[in-house]
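Descriptive structure summary
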Amino acid sequence: MTQDLKEIFAGDAPPAPAALAAKVRTLAPSMTRSMQRVAEAVAGDPAGCAALTVTGLAELTGTSEATVVRTARLLGYPGYRDLRLALAGLAAQQQSGRAPAVTADIAVDDPIADVVAKLAYDEQQTLADTAAALDTVQLGAAVSALAGARRIDIYGIGASNLVAQDLAQKLLRIGLIAHAHSDAHLAITNAVQLGAKDVALAITHSGSTGDVIEPLRVAFEHGATTVAVTGHPGGPVSQYADHILTTSTARESELRPAAMSSRTSQLLVVDCLFVGVAQRTYQTAAPALSASYEALAHRHRPRNVQR
């Protein structure tokens, strides 16, 4: 486990039993392989693992007692005893009759009704995982920075740019100055103009998109408050982020690429940011939002048809 990950997740409250599997899915890509084996074991068989001592779980997963304890701490528990209690709670919930998890893998020959059901399930799971892993302290700090910003620049490439544009237009409608950038050169030249009263926000699922990291670095070096929305909090983008908001790293498949999986969780995070900012700036946000609705209202009314 890297020092970055220790700092990011230090001090988190232990997750509720129901959130354990979500936390495993979110953090597993950033773990060492031995820690992944422990995490996958406890998420896959909570009842069986709850009955094991730390030595027993280490033997089951072919790891060491130290690795088991480190995994428990990364998942948000003070020690293995606390993780064991959570596993027992999760096992009890599962035995109470809750429907088992289903696979959302989509086959080429799936009927369209199955595609709808599988995508709906996967979207719900992605949202639940993101909500479970989202650090509300970091979220609150990002909201405060955005609410008081003179100017907000948002960086995203590809599908992440669609999310960046969504956040920018929402912020504009409540009276904030916000711009979404997809062109790296333009983003960098704008980042040079940012300062201590500004915010730069990068959206990158991988945490390693160069065209997003570069303008964030420039903004960071010029004193702007920086925020990263990423599925990999230990990635390169974290070097230049004052606040990190972690999104779900949903499973990819041939017919559901990362761009689809990441977009759902990113949209949840930016919606949380927007609502938080609107709450903080309600006295000015509410009139601005009403004015924008009024200005566009005539475009949504049916026109009289002349015969």
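Parameters and conventions
Residues numbered from 1 in each chain as written. Predicted model: local features only at pLDDT ≥ 70, side-chain atom pairs only at ≥ 80, totals over all residues. Heavy atoms only, no water. Helix = DSSP H or I, 4+ residues; strand = E, 2+ residues; numbered from the N terminus. Buried < 20%, exposed > 50% of the residue type's maximum accessible area, 1.4 Å probe, protein only. Areas by Shrake-Rupley, 256 points an atom, 1.4 Å probe, with all protein chains shown as cover. Core = buried A, V, L, I, M, F, W, Y, C linked by side-chain atoms within 4.5 Å. Contact = heavy atoms within 4.5 Å. Pairing = 2+ DSSP bridges. Axes fitted to C-alpha atoms, helices over the stretch in contact; angles between N-to-C directions. Parallel < 35°, antiparallel > 145°, perpendicular 65-115°, else oblique. Nonpolar A, V, L, I, M, F, W, Y, C, P; charged D, E, K, R; others polar. Arc of directions from axis to C-beta. Polar contact = N/O pair within 3.5 Å; in protein donor to acceptor, adjacent residues only side chain to side chain. Salt bridge = Lys/Arg side-chain N within 4 Å of Asp/Glu carboxyl O. Phe/Tyr/Trp six-rings, centres within 6.5 Å; stacked < 30°, edge-to-face > 60°. Expected span 1.5 Å × (residues − 1). Bend = angle between axes of the 7 residues up to and from the residue. pLDDT = per-residue confidence, 0-100. Right-handed = clockwise from strand over helix to strand, strands pointing away.

This part covers the overall build of the chain. Regarding its fold elements, the chain presents 14 helices and 5 strands. Here the chain, with 307 residues, has 45% of them falling under the buried criterion. Accessible surface computed for the chain: about 15200 Å², of which carbon and sulfur atoms make up 56%.

Of all hydrophobic cores here, the largest spans 30 residues; its most connected members are I152, I154, L171, L201, L245 and L273. At the level of elements, α9 (136–147), β1 (152–156), α10 (159–173), β3 (199–203), β4 (225–230) and α13 (258–280) are the ones that each hand at least two residues to this core. Tallying contributions element by element places α13 first for this core, with 6 residues. Dropping the residues within four chain positions of it, L201 is found in contact with L146, D153, I154, Y155, L167, L216, V227, V229 and L273. If you look at the next biggest cluster of nonpolar residues, it comprises 23 residues, including A39, V42, A50 and V68.

Turning next to the sheet that holds β3. Strands sit in the order β2-β1-β3-β4-β5 across an open sheet of 5 strands; the sheet is parallel. Looking at the sheet topology across the chains shown, the edges are occupied by β2 (178–181) and β5 (243–246). Direction aside, neighbouring strands of the sheet carry axes that sit 15° apart on average. Examined bridge by bridge, β4 and β5 share 4 bridges and lie parallel to one another. In the strand pairing of β5, V227 is matched with H243. Across the sheet, α10 lies against β1, β2 and β3, angled at about 160° from β1, the strand it touches most.

What follows covers the packing of helix α3 (residues 33–44) against helix α6 (residues 65–74). Running from amino to carboxyl end, α3 crosses α6 at an angle of 70°, the nearest separation of the two axes being 9 Å. Put simply, α3 runs roughly perpendicular to α6. Residue-level inspection shows S34, M35, V38 and A39 of α3 in contact with α6, the latter providing T67, V68, R70, T71 and L74. Considering only residue class, the contact of α3 with α6 consists of 5 nonpolar, 3 polar and 1 charged.

The next thing to look at is helix α11 (residues 184–191). Where α11 is concerned, the buried positions are A184, A187, N190 and A191. The buried residues of α11 all sit within an arc of 130° when viewed along its axis, so they share a single face. On the buried face of α11, the contacting elements are β1, β2 and α12 (210–221). Near the N-terminus of α11, the side chain that reaches the backbone nitrogen of H185, with its oxygen 3.0 Å away, is that of D183.

Take the pattern of salt bridges next. According to the stated counting rule, one finds 7 salt bridges in the structure shown. When the shortest N-O distance is used, the salt bridge between K170 and D271 registers 3.4 Å. With K170 in helix α10 and D271 in helix α13, this pair connects stretches of sequence that are 101 residues apart. Residue classification places D271 among the partly exposed residues on the basis of a relative accessible area of 32%. Between E221 and R217 there is a salt bridge whose closest N-O contact spans 2.8 Å. In this pair, E221 and R217 both sit in helix α12, 4 residues apart, roughly one turn of the helix.

Attention now goes to the packing of aromatic side chains. Applying the stated criterion across every chain yields a total of 1 aromatic pair. Seen from their ring centres, F220 and Y240 are 6.1 Å apart, and the 65° between their planes marks the pair as edge-to-face. In this pair, F220 sits in helix α12 while Y240 sits in the loop between β4 and β5, placing the two residues 20 residues apart along the sequence. The exposure class of F220 is partly exposed, given its relative accessible area of 32%.

Another aspect to go through is helix α14 (residues 282–300). Helix length check: α14 (19 residues) gives 25 Å between terminal C-alpha atoms against 27 Å at 1.5 Å per residue, within 8%. When the local axis directions of α14 are compared, the greatest deviation, roughly 30°, occurs at E294.

Right, let's get into the confidence of the model for the chain. Residues of the chain with pLDDT of at least 70 account for 83%, and the chain-wide mean is 84. No element of the chain has a lower mean pLDDT than helix α1 (residues 3–9), at 40, and none a higher one than β3, at 98. Confidence over residues 1–12 falls short of pLDDT 50; this stretch has 17 contacts with residues more than four positions distant or in other chains. A low-confidence stretch, residues 99–103 (pLDDT under 50), is modelled with 4 contacts involving residues beyond four sequence positions or located in other chains.

Right, let's talk about the pairing of β2 for a bit. Sheet analysis places β1 next to β2, joined by 4 bridges and oriented parallel. Within the sheet, the bridge partner assigned to I152 lies in β2 and is A178. Crossover handedness for the path β1 to α10 to β2: right-handed.

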